[in-house]
Amino acid sequence: MSKQFKMEVKSNEELVNGVYKMVVNHEFEGRPGQFANIKVEGQYLRRPISISRIHKDSFEMLYKLKGEGTKKLAQYKANQEIDIILPLGNGFDLVEEKKVLLIGGGIGVPPLLELYHQLKTQNKSVELLIGVTGEEDNIYSEYNPIVTTILPSKYYQGNVIEYLKDHDIDYDYVYACGPMGMLNAIQEYVSCPGQISIEEKMGCGFGVCNACTCKTKDKEYKRICVEGPVFKIGELDLNDY
């Protein structure tokens, strides 16, 4: 059950190209794929930020500067108090004894990082495939990811689906998070079961305003902040995105 907390910022630093890592001194009792809703000074709506790592007495959030809210968030300093509601949303279900492929695009990579760590102990293999703009955006070397880039680089130039078509990767379960176009392509391409996490703007963050609904293939609508952000592959109709 989600609760509102006053927490202490441990650190908040820019890693690369407007991507920041905030570490908060507080335990996180939740699942990979869930998110926090942060009150930002001067902003009416809270900002939903995914949890990227969970430690014993702290947790991490990776976020990218996009607007006034995240710019204000980037100004928080160590030891400053921050107002957070968590855990929110429907997280990932963990599988066992699978050959798992995690696919992340852009700022959709961070929600997969804690999932990666938790899956490593229970499965035959776990690989991370990411799509970023340029090679300097690969800040995930500790995960030994397969990297694709939009710009020319030492990595594969193209998107994650093009990489999958060009290379033989052995997997039987997929987790993915990223832009809607990428997730739609994954739903159409992969033939195994899996789960996707949706990135979307939110209003309240806990299902009251109905501002972040998405359509299922059964023509029903589900709230990304409550029934999501994690859904089964093939559950949603993403063709309109």
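Structure's up top.
Think of each chain on its own: its residues are numbered from 1, step by step along the sequence as written. Local features are withheld for residues below a pLDDT of 70 in this predicted model, meaning they are given only at 70 or higher, and side-chain atom pairs are given and counted only at 80 or more; totals for whole chains, interfaces and linings count all residues. Side-chain descriptors were evaluated using all non-hydrogen atoms of the structure, hydrogens and water having been removed beforehand.

Points about the pairing of strand β13 (residues 194–198)
Keep this limit in mind: Working definition: with a 1.4 Å probe on protein chains only, accessible area under 20% of the residue-type maximum means buried, over 50% means exposed, and in between means partly exposed. By the criteria applied, helices consist of DSSP H or I runs no shorter than four residues and strands consist of E runs no shorter than two, each listed in order from the N terminus. When DSSP finds at least two bridges between two strands, those strands are taken to pair. Whether a crossover is right-handed comes down to one check: with the strands pointing away from the viewer, does the path from the first strand over the helix to the second run clockwise; if it does, it is right-handed.
The buried fraction of β13 amounts to five of the five residues, a majority that puts the element mostly inside the structure. By the alternation rule, side chains of β13 split into Gly 194, Ile 196 and Ile 198 and Gln 195 and Ser 197, which are all buried. Across five bridges, the pairing between strand β12 (residues 173–178) and β13 is parallel. Along β13, the bridge assignment pairs Val 174 with Gly 194. Since β12 and β13 lie parallel, the crossover through helix α4 (residues 180–189) that links them has a hand, and here it is right-handed. Here three bridges tie β13 to strand β16 (residues 230–232), and the two strands are oriented antiparallel to one another. For Ser 197, the partnering residue across the bridge sits in β16 and is Val 230.

Concerning the sheet that holds strand β4 (residues 47–50)
Strand order in the open sheet formed by seven strands is β4-β3-β7-β1-β2-β6-β5, with antiparallel pairing between adjacent strands. The outermost strands of the open sheet, each flanked by one partner alone, are β4 and β5 (53–54). Inspection of the sheet shows strand β3 (residues 35–39) paired to strand β7 (residues 81–88) by four bridges, in the antiparallel sense. Its bridge partner lying in β7, Ile 38 is registered against Ile 84.

Comments concerning the side chain of Gln 187
In plain terms, the rule: What qualifies as a polar contact is a pair of N or O atoms within 3.5 Å, subject to a donor-acceptor requirement within protein and to the restriction that residues adjacent in sequence count only when both atoms come from side chains. Whether two residues are in contact is decided by their heavy atoms: any pair within 4.5 Å suffices.
Take Gln 187: it is sitting in helix α4. Take Gln 187: its relative accessible area is 11%, and that puts it in the buried class. Only 3.1 Å separates the side chain of Gln 187 from the backbone oxygen of Leu 236, close enough to count as a polar contact. Aside from chain neighbours lying at most four places away, what touches Gln 187 is Ile 196, Lys 217, Lys 232, Ile 233, Gly 234, Glu 235, Leu 236 and Leu 238.

Focus on the packing of aromatic side chains
What counts, and what does not: Pairing of aromatic rings covers Phe, Tyr and the six-membered ring of Trp, with a centre-to-centre limit of 6.5 Å; geometry is then stacked below 30 degrees between planes, edge-to-face above 60, and tilted otherwise.
Tallied over the entire structure, the rule returns six aromatic pairs. Plain terms: the ring middles of Tyr 20 and Tyr 63 are 5.7 Å apart, the flat faces sit at 20 degrees to each other, and that makes the pair stacked. Remark: Tyr 63 occurs in strand β6 (residues 59–64) and Tyr 20 occurs in strand β2 (residues 19–25); sequence separation between them is 43 residues. Judged by relative accessible area, which is 2%, Tyr 63 ranks as buried. Ring centres of Tyr 173 and Tyr 175 lie 5.1 Å apart, and the angle between their planes is 55 degrees; on these two criteria the pair is classed as tilted. Look at Tyr 175 and you get buried, because its relative accessible area is 0%. Taken together, the ring pairs connect Phe 92, Tyr 173 and Tyr 175 into an aromatic cluster.

Some words on the pattern of salt bridges
Which entries qualify depends on this criterion: One side-chain nitrogen of Lys or Arg within 4 Å of one carboxyl oxygen of Asp or Glu is enough to make a salt bridge.
In the structure shown here, the tally under the stated rule is nine salt bridges. In this structure, the salt-bridge partner of Lys 99 is Asp 170, at a minimum N-O distance of 2.6 Å. Pair noted here: Lys 99 is in strand β8 (residues 99–105) and Asp 170 is in the loop between α3 (160–166) and β12, with a separation of 71 residues, a long-range link. Under the relative-accessibility criterion, Lys 99 is labelled partly exposed at 29%. Residues joined in a network through salt bridges with shared partners are Lys 6, Arg 46 and Asp 83.

A word on unusual backbone geometry
Looking along the chain, the bond that leaves Leu 86 and enters Pro 87 is cis, with omega of -15 degrees. Within the element layout of this structure, Pro 87 appears in strand β7. The residue after Gly 228, namely Pro 229, is reached through a cis peptide bond having omega 10 degrees. Assignment of secondary structure puts Pro 229 in the loop between β15 (221–223) and β16. Phi angles above zero are rare outside glycine, and Asn 17 is one such case at about 45 degrees. Tracing the backbone through its elements, the reader meets Asn 17 in the loop between β1 (3–16) and β2. You can call Asn 17 partly exposed: its relative accessible area is 43%. Positive phi values are uncommon outside glycine, yet Asn 210 reaches one of about 60 degrees. Mapping Asn 210 onto the fold places it in the loop between β13 and β14 (213–215). A relative accessible area of 46% places Asn 210 in the partly exposed class.

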